[in-house]
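Coordinate inspection notes
One letter stands for each residue in the lines below.
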Amino acid sequence: MGMIQDRIRQKLTEALVPLALEIDDQSSRHAGHAGMKGLKPEETHFELRVVSAAFQGQNRVARQRLIYKLLAAELADGVHALALTALTPEEAAKA
């Protein structure tokens, strides 16, 4: 696990107290893509699945905005893309 992935885990855990948190570093799959020319593909692309009661009453966009706000420093520090799934415990139980 890399430093940025550790920071993502720590920030989301502290802020959202998730029941489930999955972080998949997909950076190596994006090496050589047009947007990555000249950049190292290390810790740049992540897929996140977060299950938290903190999402109660929030729509999908509000949940994404919250996560982007929490991870603003990581996004400014080389994270190029996040694929997000943000669910309440009830939604996760139905999935």
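Report on the accompanying structure. (Residues numbered from 1 in each chain as written. Predicted model: local features only at pLDDT ≥ 70, side-chain atom pairs only at ≥ 80, totals over all residues. Heavy atoms only, no water.)

1. A closer look at the environment of Arg-63
By secondary structure assignment, the location of Arg-63 is in helix α2 (residues 60–70). The residues contacting Arg-63, other than those within four sequence positions of it, are Phe-55, Gln-58, Ala-86, Leu-87, Thr-88 and Glu-91. (Helix = DSSP H or I, 4+ residues; strand = E, 2+ residues; numbered from the N terminus. Contact = heavy atoms within 4.5 Å.)

2. Describing the nonpolar core
One finds Ile-8, Leu-12, Phe-46, Leu-48, Val-50 and Ile-67 to be the most contacted residues of the largest nonpolar core, which totals 16 residues. When residues of this core are traced back to their parent elements, those giving at least two are α1 (3–16), β1 (20–25), β2 (45–51) and β3 (81–87). Of the residues forming this core, the biggest block, four residues, is contributed by α1. If we skip the residues at most four places from it in the chain, Leu-12 touches Val-17, Pro-18, Leu-21, Leu-48, Val-50, Ile-67, Leu-70 and Leu-71. (Core = buried A, V, L, I, M, F, W, Y, C linked by side-chain atoms within 4.5 Å. Buried < 20%, exposed > 50% of the residue type's maximum accessible area, 1.4 Å probe, protein only.)

3. Let's talk about the pattern of salt bridges
Overall, the coordinates contain five salt bridges when judged by the stated rule. Among the salt bridges present, the one from Arg-7 reaches Asp-77, with a minimum N-O distance of 3.4 Å. Highlighted residues: Arg-7 in helix α1 and Asp-77 in the loop between α3 (72–76) and β3, separated in sequence by 70 residues. Of the residues examined, Asp-77 reaches a relative accessible area of 44% and is grouped as partly exposed. A salt bridge links Arg-63 to Glu-91; the shortest N-O distance between them is 2.6 Å. Here Arg-63, found in helix α2, pairs with Glu-91, found in helix α4 (residues 89–94); they are 28 residues apart in sequence, far enough to count as distant. (Salt bridge = Lys/Arg side-chain N within 4 Å of Asp/Glu carboxyl O.)

4. Let's talk about the side chain of Ser-27
Residue placement: Ser-27 occurs in the loop between β1 and β2. Using a relative accessible area of 2% as the deciding quantity, one classes Ser-27 as buried. Here Thr-44 takes part through its backbone nitrogen, which lies 2.7 Å from a polar atom of the side chain of Ser-27. For Ser-27, the side chain forms a polar contact with the main-chain nitrogen of His-45, separated by 3.1 Å. (Polar contact = N/O pair within 3.5 Å; in protein donor to acceptor, adjacent residues only side chain to side chain.)

5. What to know about the sheet that holds β3
Pairing in this open sheet of three strands is mixed, and the strands run β1-β2-β3 from one edge to the other. Each of the sheet's edge strands pairs with one partner strand only, and the pair in question is β1 and β3. For this sheet, the mean inter-axis angle between neighbouring strands, taken without regard to orientation, is 10 degrees. Where β2 meets β3, seven bridges bridge the pair, whose relative direction is parallel. Counterpart to Arg-49 in the pairing with β3 is Thr-85. Lying on the sheet, α2 is in contact with β2 and β3; it crosses β3 at an angle near 125 degrees. (Pairing = 2+ DSSP bridges. Axes fitted to C-alpha atoms, helices over the stretch in contact; angles between N-to-C directions.)

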